[in-house]
Amino acid sequence: MVDIKVEHSQRLREKLSALSPLTDAAWYAMQHHFSYCELDVGSTFVRTGEQATQVGFLLTGSLREYFTTAGGADYNKAFLLSGDITGSLYDLLLDQASIATIEAIKPSSLLVANYNVFEKLYDQFDCCQRLGRVIAENLFCHKARREYELLTMDAAQRYACLLSQQPSVEAHVPQYHIASYLGITPVALSRIRTKLKSLN
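None of these values were measured; they are calculated from a predicted model.

**Notes on the overall build of the chain**
No. 1: Broken down by element type, the chain carries nine helices and six strands.
No. 2: Overall size of the chain, expressed as C-alpha extent along the three principal axes, is 55 × 40 × 30 Å.
No. 3: Here the chain, with 200 residues, has 40% of them falling under the buried criterion.
No. 4: In the form shown here, the chain has an accessible surface area of approximately 11,300 Å², with 56% of it arising from carbon and sulfur atoms.

**Quick look at unusual backbone geometry**
No. 1: A positive phi angle, near 55°, is found at Asp95, a position not held by glycine.
No. 2: Considering the arrangement of structural elements, one finds Asp95 in the loop between α3 (89–94) and β6 (101–114).
No. 3: Exposure remark for Asp95: the relative accessible area of 60% places this residue in the exposed category.

**What to know about the packing of helix α6 (residues 155–165) against helix α9 (residues 186–199)**
No. 1: Where α6 contacts α9, the axes come no closer than 10 Å and their chain directions differ by 75°. Accordingly, the angle class assigned to the pair α6 and α9 is roughly perpendicular. For the pair formed by α6 and α9, the contact residues are Ala155, Ala156 and Tyr159 on the first element and Leu189, Ile192, Arg193 and Leu196 on the second.
No. 2: The class makeup of the residues in the contact of α6 with α9 is six nonpolar, no polar and one charged.

**Structural notes on the confidence of the model for the chain**
No. 1: Mean pLDDT over the chain works out to 91, with 98% of the residues at or above the 70 mark.
No. 2: When the elements of the chain are averaged for pLDDT, α3 gives the smallest value, 80, and helix α7 (residues 169–172) the largest, 96.

**Considerations on the nonpolar core**
No. 1: Of all hydrophobic cores here, the largest spans 22 residues; its most connected members are Leu12, Leu16, Leu22, Met30, Phe34 and Cys128.
No. 2: Counting residues per element, the ones that place at least two in this core are α1 (4–19), α2 (24–31), β3 (54–68), β6, α4 (115–124) and α5 (126–152).
No. 3: Those residues in contact with Leu22, other than ones at most four positions away along the chain, are Arg13, Leu16, Ser17, Trp27, Met30, Cys127, Cys128 and Leu131.
No. 4: If you look at the next biggest cluster of nonpolar residues, it comprises 15 residues, including Ile105, Val173, Leu182 and Ile192.

**Details of the side chain of Arg146**
No. 1: Relative to the helices and strands, Arg146 is located in helix α5.
No. 2: No salt bridge forms around the buried Arg146; measuring N to O, its nearest opposite-charge neighbour Glu149 is 5.0 Å away.
No. 3: Separated by 2.8 Å, the side chain of Arg146 and the backbone oxygen of Tyr181 make a polar contact.
No. 4: Leaving out residues up to four positions away in the same chain, Arg146 has contacts with Asn76, Lys77 and Tyr181.

What counts, and at which threshold
- Residues numbered from 1 in each chain as written.
- Predicted model: local features only at pLDDT ≥ 70, side-chain atom pairs only at ≥ 80, totals over all residues.
- Heavy atoms only, no water.
- Helix = DSSP H or I, 4+ residues; strand = E, 2+ residues; numbered from the N terminus.
- Buried < 20%, exposed > 50% of the residue type's maximum accessible area, 1.4 Å probe, protein only.
- Areas by Shrake-Rupley, 256 points an atom, 1.4 Å probe, with all protein chains shown as cover.
- Axes fitted to C-alpha atoms, helices over the stretch in contact; angles between N-to-C directions.
- Parallel < 35°, antiparallel > 145°, perpendicular 65-115°, else oblique.
- Contact = heavy atoms within 4.5 Å.
- Nonpolar A, V, L, I, M, F, W, Y, C, P; charged D, E, K, R; others polar.
- pLDDT = per-residue confidence, 0-100.
- Core = buried A, V, L, I, M, F, W, Y, C linked by side-chain atoms within 4.5 Å.
- Lys, Arg positive; Asp, Glu negative; His and termini not counted.
- Salt bridge = Lys/Arg side-chain N within 4 Å of Asp/Glu carboxyl O.
- Polar contact = N/O pair within 3.5 Å; in protein donor to acceptor, adjacent residues only side chain to side chain.

Structure follows, in structure tokens:
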């Protein structure tokens, strides 16, 4: 019988090492701080207004990160699929309540650790400091790309970019959430999809 915990741990190390190699000593110090967590559909990893404290590695399922306006409208900021790292880095860095909610779209499982652990590991291991920098750089690049798409592209172009960046997103995320991410209505998204299919 496969030891599921070892399997999960190995996946996490492979993901992190692909971003920036970890020494055996650094990995040993890090891995014991992660715990297994499951989220049902609609359950939250962090909710707007709650103190942000944790980072997570998504093993299975899918999550959405979204903002909520004063009027109660939700706007999707990002989708997280299996193999992605999640957590509200902006709020973690500022040690403040989260300005976004991260919610399970499908039943999801994660490996979760307190962000403070990583701050301590940065001081202990150079490879952990490099890893933290690479993760922050990747998030910055994603944010810059997202802003560029919103400011310079029409909805069809933004949809094409989403599919190129996350090819499996439509299998894991409902169309109305994708429409929200693109800043259009579900009806408009349906028209775009129909037009693209006819062109192909």
